[in-house]
Amino acid sequence: MSRKLRPLSSEDLDRLPPGCSGCAFWESGGERERRCGAVCDTETQRAWYRKVTDEWGTCGRVAFEDDEVLGFVKYAPSGYFPQAATFRSAPEDPSVPLISCLHITPDARHRGLGTVLLRACMSDLVQRGERRIESFGYTDAAARIDDMPMLGMSFLLRHGFTVVRPDPHYPL
């Protein structure tokens, strides 16, 4: 059995890791609690997905094995993520792609799958001609990874990201 990657599809939205299916944190406006599931609305998530794919194209990748989703990464220009504008370190250019979240199921962690998904995302964006990619990092080492709707700062730094908009909690 081998794991494979494919573009995120509307059918995958219901099969994302626990806490991610129906989560509309990034798709919601107004400042929200900075945790996964702070806003759960399947219809908002689906409407967002349709809009982004219609206007911009593929907005994520899914890793799966035997048709079981192991993890995913979601990305689009930051202007498609209303929640991004509520951060003190908000992106300045809404056209620059933002990696909003990357989650792996607990059983599939610590096997390099996060790196595989991140590289697939970056490869897709480079093929589209993107020269910059941004992502919020969280700096709290004690935070539960399952609760965070953004990527760990140490993970981003290990993969070549640099801080362009400092913030003590959620740098960009």
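All values reported here derive from a predicted model rather than from experimental measurement. (Residues numbered from 1 in each chain as written. Predicted model: local features only at pLDDT ≥ 70, side-chain atom pairs only at ≥ 80, totals over all residues. Heavy atoms only, no water.)

Chemist: When you look at the side chain of Thr115 in this model, what are you seeing that I'm missing?
Modeler: On the secondary structure map, Thr115 appears in helix H2 (residues 113-127). The contacts of Thr115, once residues within four sequence positions are left out, are Phe155 and His159. (Helix = DSSP H or I, 4+ residues; strand = E, 2+ residues; numbered from the N terminus. Contact = heavy atoms within 4.5 Å.)

Chemist: It is not clear to me how the pattern of salt bridges should be interpreted in this structure. Could you clarify?
Modeler: It is possible for side chains of opposite charge to pair when their charged atoms get near one another. All chains considered together, the criterion is met by 16 salt bridges. Taking the shortest distance from any N to any O, the salt bridge between Arg15 and Asp12 comes out at 3.5 Å. The exposure class of Asp12 is buried, given its relative accessible area of 1%. Of the charged contacts, one joins Glu134 and Arg132 as a salt bridge, the two residues approaching to 3.1 Å between their closest N and O atoms. A single network of salt bridges, built from pairs that share partners, joins Arg6, Asp12, Arg15 and Asp67. (Salt bridge = Lys/Arg side-chain N within 4 Å of Asp/Glu carboxyl O. Buried < 20%, exposed > 50% of the residue type's maximum accessible area, 1.4 Å probe, protein only.)

Chemist: What is the right way to read the sheet that holds strand S1 (residues 4-7) from this model?
Modeler: By definition, the strands of a sheet pair up through backbone hydrogen bonds, in either a parallel or an antiparallel sense. Spatially, 5 strands are ordered S1-S2-S3-S4-S5 in an open sheet, and the strand pairing comes out mixed. Each edge of the open sheet carries a strand with a single partner, namely S1 and strand S5 (134-135). Pairing geometry for strand S3 (residues 68-77) and strand S4 (residues 97-104), over 7 bridges, is antiparallel. Looking across to S4, one finds that Lys74 is bridged to Cys101. Contacts between H2 and the sheet are confined to S1, strand S2 (60-65), S3 and S4, with S4 contributing the most and set at about 155° to the helix. (Pairing = 2+ DSSP bridges. Axes fitted to C-alpha atoms, helices over the stretch in contact; angles between N-to-C directions.)

Chemist: Sorry if this is basic, but what is going on with helix H1 (residues 42-55) here?
Modeler: Turn by turn, an α-helix covers 3.6 residues, leaving residues three or four places apart pointing in a common direction. For H1, spanning 14 residues, the distance from its first C-alpha to its last is 20 Å, which sits close to the expected 20 Å at 1.5 Å a residue. Every buried residue of H1 is accounted for by Gln45, Arg46, Trp48, Tyr49 and Val52. One face of H1 carries all of its buried residues, which in axial projection span an arc of 160°. Seen from the open side of H1, the exposed residues pointing more than 90 degrees away from its buried face are Glu43, Asp54 and Glu55. Those residues of H1 that are buried are in contact with S3. One side-chain oxygen at the N-terminal end of H1 lies 3.1 Å from the backbone nitrogen of Glu43; it belongs to Asp41. The first or second residue beyond H1 is Gly57, which carries a positive phi of 115°. (Expected span 1.5 Å × (residues − 1). Arc of directions from axis to C-beta. Polar contact = N/O pair within 3.5 Å; in protein donor to acceptor, adjacent residues only side chain to side chain.)

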